[in-house]
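If you want the building blocks of each chain, they are given just below.
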Amino acid sequence: MKIDSATYHYGSGFNVDGSQEGTNRKPLGYTQYSGTLCQQSGIWSAAVNAMTQVVTVEKGTIMPYHAGQPLVWQLMDYSVSENLIPSSNAV
């Protein structure tokens, strides 16, 4: 479904026309380690023993540790704030 030539977003960050062209987003499934700077705002998950830890991390913040232990985090979904239609110049 195409509304017009403007880029609108919904759901998990897919453009209305279904394309991902022109985005600088890391792909879903992208991994990062605890203690590194987050490269993509979103919902991240990591396996902790037999459980899964899920957190929301903003780009530029440090990826969290769990009980002082480093984890490998995997990007599960994009941040909701990136999926909203920008309020400036939205007509």
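Computed from a predicted model, the values in this text were never measured in an experiment.

**Student:** Help me get a handle on the sheet that holds strand β5 (residues 51-57), residues and values and all.
**Tutor:** Ordered in space as β3-β6-β4-β5, the 4 strands form an open sheet in which the pairing is antiparallel. Strand pairing shows two members of the sheet lacking a second neighbour, β3 (31-33) and β5, which therefore form its edges. On average, each strand axis in the sheet is inclined to that of its neighbour by 35°, with strand direction left out of account.

**Student:** Provide a residue-level description of the pairing of β5, including the pertinent values.
**Tutor:** Two strands pair when backbone bridges link them, and strand β4 (residues 42-48) and β5 are joined in this way by 7 bridges, in the antiparallel orientation. Its bridge partner lying in β5, Ser45 is registered against Val54. In sequence, β4 turns back onto β5 through a hairpin of 2 residues, with Asn49 there showing a positive phi of about 55°.

**Student:** Explain the environment of Leu37 to me, using residue names and the numbers behind them.
**Tutor:** Structurally, the position occupied by Leu37 is in the loop between β3 and β4. In this structure, the C-alpha to C-alpha distance between Leu37 and Met63, residues 26 residues apart in sequence, is 6.1 Å.

**Student:** Before we move on, can you summarise the environment of Tyr65 with the specific residues and values?
**Tutor:** Among the secondary structure elements, Tyr65 is positioned in the loop between β5 and β6 (72-78). A residue is classified by how much of its surface remains accessible, and Tyr65, at 47% relative accessible area, is partly exposed. Residues Tyr65 and Ser34 lie 31 residues apart in sequence; the distance between their C-alpha atoms is 5.4 Å. Ignoring anything within four residues of it in the chain, the contact list for Tyr65 reads Ser34, Gly35 and Pro70.

**Student:** Account for the packing of aromatic side chains, with residues named and values stated.
**Tutor:** The full count for this structure, using the stated rule, is 1 aromatic pair. Look at Tyr30 and Trp44: their rings are 6.4 Å apart centre to centre, the planes differ by 70°, and that puts the pair in the edge-to-face class. One end of the pair, Tyr30, is in the loop between β2 (14-15) and β3; the other, Trp44, is in strand β4, and 14 residues separate them in sequence. Residue Tyr30 is classed as partly exposed on the basis of its relative accessible area of 25%. The ring of Tyr78 has Arg25 lying over it, and the distance from NZ or CZ to the ring centre is 4.4 Å.

Reading the values: rules and limits
Residues numbered from 1 in each chain as written. Predicted model: local features only at pLDDT ≥ 70, side-chain atom pairs only at ≥ 80, totals over all residues. Heavy atoms only, no water. Pairing = 2+ DSSP bridges. Helix = DSSP H or I, 4+ residues; strand = E, 2+ residues; numbered from the N terminus. Axes fitted to C-alpha atoms, helices over the stretch in contact; angles between N-to-C directions. Buried < 20%, exposed > 50% of the residue type's maximum accessible area, 1.4 Å probe, protein only. Contact = heavy atoms within 4.5 Å. Phe/Tyr/Trp six-rings, centres within 6.5 Å; stacked < 30°, edge-to-face > 60°. Lys NZ or Arg CZ within 6 Å of the ring centre and 35° of its normal.

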